[in-house]
Every structure is written in structure tokens, then in C-alpha cells.
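Each chain is listed here by its residues.
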Amino acid sequence: MTEHRGVAPFAASPFASWLAGDPEVATLLAAEAERQSTTLQLIASENFTSPAVLAASGSVLTNKYAEGYPGRRYYGGNQVVDEVEDLARQRAKDLFGAEHANVQPHAGAIANLAVYQALVDPGDTILAMRLDQGGHLTHGSPASITSKIWRFVSYGVTAASDDDGRPGEVIDFDQVADLAKRERPKLIVAGATAYSRQIPAEPFRDIADSVGARLMFDLAHPAGLVAGGAHPSPVGVADVVTFTTHKTLRGPRGGAIVCRAELAKAVDSAVFPGLQGGPLEHVVAAKAVAFREAATPAFRVYAAQVVANAQALARGLAAEGFRVVSNGTENHLVLLDLRPFDAELTGKEAQEVLDRSGITLNRNTIPDDPRSPFVTSGLRLGTAAQTTAGMQEAEMGAVAALIGRALRRRADEASIRAVRAEVFDLCAAFPPYPSLDAGTPTAGRT
Ligand SMILES: *Cc1c(COP(=O)(O)O)cnc(C)c1O
């Protein structure tokens, strides 16, 4: 576990030293920078942004009210902000080849809500993926407001394959088609939060067209893989594509929407004034920075490496005795079934043991999980962050071995401490922010 030393060699932002007047917050930020730098970040929805993204999101743009859109604001003084948001929108359109972009959603969840609001009347039916099969809370979970406003019908994945090497546990398109025919949804949602295969947009398009439904693609997780050319793009196939900017896309925390010009007005007014007040223009600027980074050749190399790393991690974990859901991965994440490794081991306990070992990931339900979503029989791991830090296939093999060791000898504190020490050494060789740590005085340093 990270200790609060108050003195850390890790900078939390390019402006960390400006926090010297607030030692309480400065110390916490330095402690978090240390945690991120000295433990393995394997949460599939996380990444390390560039220092440039940190700089834009820590900028004076946070001071500005800009309700409305470029050229149509409700407050004065938005000449510069209009240029910032126009730049972000243009870069998003160029990156994804889209006709229209809205870069204001504060989060991926808000982007989804906005699209539902733009395209579906309250009480009407939406067909989306079941949460316990890989879908997201905003795809109609009973715990989400979405299920109280719209009527959701859910599809899932096929059965696990019988060890013949074929990928089972893939989206059941026969079921999607049957449900679409029977339930006549206004909107079909493609996209998932815990699913390790590519999701093709075309079969969803065909089904949507056959019942006169619109198609929304929730690209929250693989947006960076699409931008980097490692996955086919649903833009132009789906009517609307929502995504987060902070997962594989490696930008600031936030959401965005791209769509055909015909839907621009409906989408824009659903975001503002439909759901939000003033946009976070400092985050919009940081999104612009991230879109530019994601358009570079280096980002294509990155996206391909993320997938290669996930495949190496999946192979390593299978060799440790875990079952890889769907027999492998085509994206940045690996979903593990813990039961063949140890029938007693729950996702909850595994997450806790690995946390103590310096390996940060999350428990996750697996398809048809007999345990509750709070306990689970699975783990979800992602390679987006550690690939940013420079790790490759060899390191993924080492990580898989460390996970196996930590969980196999979880009753032995000395063994966990030994794994923690090896994780520390591995992370020291791949610092996420070498330029910050080398160049900037750190807050809290005495
Ligand atoms: C992460 C995610 C979201 C929501 O993103 P937030 O920014 O956390 O609101 C929506 N849909 C899917 C499929 C996701 O994975």
C-alpha cells in the first residue's frame, strides 16, 4: 500500500509546485502520483494522459462560463473559448471522419443520456446489452435513471465454447435480431464495458434497418483503438457514436458525441440545455490536445501495442490456470473466470489480494456469473495505461506470472510482500511521467 510520506519524488501535475500553500491537498496529490507510478494500473477504463493534457485541463479556461455553443453563447467574453471549442470539435470530426461533433458532455454517461433524450421519447423501447453480460449501467441497469425513463430490453452473449478454441461468449446476433423483431425498439445500442472482442457495427445496422430503429454505438472503451486504426470504425455506420475521452483515447476525463449532420441539432440541444449547464472548457481544451495526439503515427503504434499486450497478458494468464472469457481478446481488455484457477476464490477477494500486491484492477461479473455483482467470479484487466508507460509483451508475461503467484499464495503475507517488491521494481523501469518527475519541483517536497 502507498504510504503518505509527505515527500514524494513523483509530480502530480505540471503545476504541482503551485500547491505548496495547501500542504494537505499537495500531499494527497503527491501520494496519488506515487501510487500511480509505483503500482500496476490494470483497470481497463484508465490510462495515463500526456503532460500536455494535464496542462490544458489545469488551465485558466476553468474560470470561464460558456453556456451554449461557439457563436451562440449566453455569456460575453467567449471569443477565445469559441476558438478552443471549435478546434476541439474540428479535431474530433477529423479524427473519426464524422460530420458533427459535440465535445461538451462531462462524462460518457451524460453523452449516452443525451443521445437517448435526442432520439427516444420517454417510455419508448431501447435494445442494449445486459449489464451482467458486458453492458454498461447506462444501458438500462435497474440502478440507473435510464431504466426509469426508457423501457430497456437486453441482449447478451452466446454460451462458452467447449474448449475447441472457438470464441464463445460473443454477442448473440440471433438474439439481437429476434428481440428487435419482437420488441420494435426505437433505438439499438451497440457497445460494452466488459467485452474483449471487436464489436462490428454492420450486423447491428442491418438489424436496426430491418425494424426501423436508430443505431447508437457506445464506443466508450475502444475509442482510442478506433482512432489508432486497431479496430474498424462504427462512425458512418451507426447514426450516433458516443465515447469517453479518458479510456483508450488517453485524454482528460469526459465524454463526446459524433453523428451525422442531420442529427446535430437534436444532439446538441439534448446536451445543452437538456442535461448540462456550462461546459468544462478547460476539459474541452484538453480533449482537443488528446484528439491531436490520437491522430499521430505514434498513436497508431500505441493502439496496436495495446492489443498485442492484452493478447500477451491473456496467454500468460491462461498459462497460470485462469479461464480467459471468450478464449482471448481482440481489444485492450481481458476478462478472467477465476473458478478453474481456484473454485473458492471470488473476484472480490482476488481484487483485494492484488491491491495489497500493488496490482490495481477490478472484479467483474462474467457471463452467467453465479455470484453477485458485488462478489463476482471474475476479474477485468486492461493494458491501455501500462502500454502508455512503455510496457510490451515481455512485461505482460511477467505481470501474468505475478498475478498467478499472488493469488496462489494469498494466505502467505511474505509471498505477497515479495510480489509487491517485484511490482515496485517493474514499475520503476516504466515511469508514467518521467518528464514531470525529472523536471518539475514536486509539491510537498521539503
Ligand atoms: C465507461 C463507460 C461509460 C461511461 O463513462 P463515464 O465517463 O464513466 O460516465 C459509458 N458506456 C460504456 C460502455 C462505458 O464503458
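Cut-offs applied
- Residues numbered from 1 in each chain as written.
- Predicted model: local features only at pLDDT ≥ 70, side-chain atom pairs only at ≥ 80, totals over all residues.
- Heavy atoms only, no water.
- Helix = DSSP H or I, 4+ residues; strand = E, 2+ residues; numbered from the N terminus.
- Rg over C-alpha atoms; globule rule 2.2 N^0.38 Å.
- Buried < 20%, exposed > 50% of the residue type's maximum accessible area, 1.4 Å probe, protein only.
- Contact = heavy atoms within 4.5 Å.
- Areas by Shrake-Rupley, 256 points an atom, 1.4 Å probe, with all protein chains shown as cover.
- Arc of directions from axis to C-beta.
- Domains from an automatic or database assignment.
- Buried area = accessible area lost by both parts, 1.4 Å probe.
- Salt bridge = Lys/Arg side-chain N within 4 Å of Asp/Glu carboxyl O.
- Phe/Tyr/Trp six-rings, centres within 6.5 Å; stacked < 30°, edge-to-face > 60°.
- Lys NZ or Arg CZ within 6 Å of the ring centre and 35° of its normal.
- Pairing = 2+ DSSP bridges.
- Axes fitted to C-alpha atoms, helices over the stretch in contact; angles between N-to-C directions.

### Let's talk about the overall build of the chain
Move 1: Helix and strand content of the chain: 16 helices and 15 strands.
Move 2: Computed over C-alpha atoms, the radius of gyration of the chain comes to 22 Å, within 12% of the 22 Å expected from 2.2 N^0.38 for 446 residues, which places it in the range of a compact globule.
Move 3: Dimensions of the chain along its principal axes, counting C-alpha atoms only, are 60 × 60 × 40 Å.
Move 4: The proportion of buried residues among the 446 residues of the chain is 57%.
Move 5: The contacts in the chain between residues at least 6 apart in sequence include a share of 72% that link residues at least 24 apart.
Move 6: Of the roughly 18000 Å² that the chain leaves accessible, carbon and sulfur atoms contribute 54%.

### Let's talk about helix H6 (residues 173-183)
Move 1: For H6, the set of buried residues is Val 176, Leu 179, Ala 180 and Glu 183. Taken around the axis of H6, the buried residues stretch over an arc of 100°, which confines them to a single face. Facing away from the buried side of H6, by more than 90 degrees, are the exposed residues Asp 174, Asp 178, Lys 181 and Arg 182.
Move 2: Buried-residue contacts for H6 involve strand E5 (125-129), strand E6 (151-155), strand E7 (187-190) and helix H7 (201-211).

### A closer look at the domain arrangement of the chain
Move 1: Per the domain assignment, the segments of the chain are domain 1 (60-294) and domain 2 (297-438).
Move 2: With 33 residues of domain 1 at the contact, the number on the domain 2 side is 26 residues.
Move 3: Of the roughly 2300 Å² buried between domain 1 and domain 2 on both sides combined, carbon and sulfur atoms contribute 50%.
Move 4: When the buried surface of domain 1 facing domain 2 is broken down by residue, Glu 169, Ser 196 and Arg 250 rank first, second and third, together holding 27% of it.
Move 5: At the junction of domain 1 with domain 2, the criterion picks out two salt bridges.

### Considering the packing of aromatic side chains
Move 1: Tallied over the full model, the rule gives 12 aromatic pairs.
Move 2: Among the aromatic residues, those joined into a ring-pair cluster are Phe 96, Phe 243 and Phe 291.
Move 3: Above the plane of the ring of Tyr 302 lies Arg 250, whose end atom (NZ or CZ) is 4.2 Å from the centre.
Move 4: Across from the ring centre of Phe 374, 4.7 Å away, lies the NZ or CZ of Arg 363, which sits over that ring.

### With respect to the sheet that holds strand E8 (residues 214-218)
Move 1: Ordered in space as E4-E10-E9-E8-E7-E5-E6, the seven strands form an open sheet in which the pairing is mixed. Bordering the open sheet on either side are strand E4 (100-102) and E6, each of which pairs with just one other strand. In this sheet, neighbouring strand axes are inclined to one another by 20° on average, regardless of whether the strands run parallel or antiparallel.
Move 2: Bridge count for E5 against E6 is five bridges, and the pairing is parallel. What sits directly across from Ala 128, in E6, is Ser 154.
Move 3: The strands that H6 touches are E5, E6 and E7; relative to E6, the one it contacts most, it runs at about 155°.
Move 4: Here H7 sits on the sheet and contacts E6, E7 and E8; the angle it forms with E8, its principal contact strand, is near 155°.

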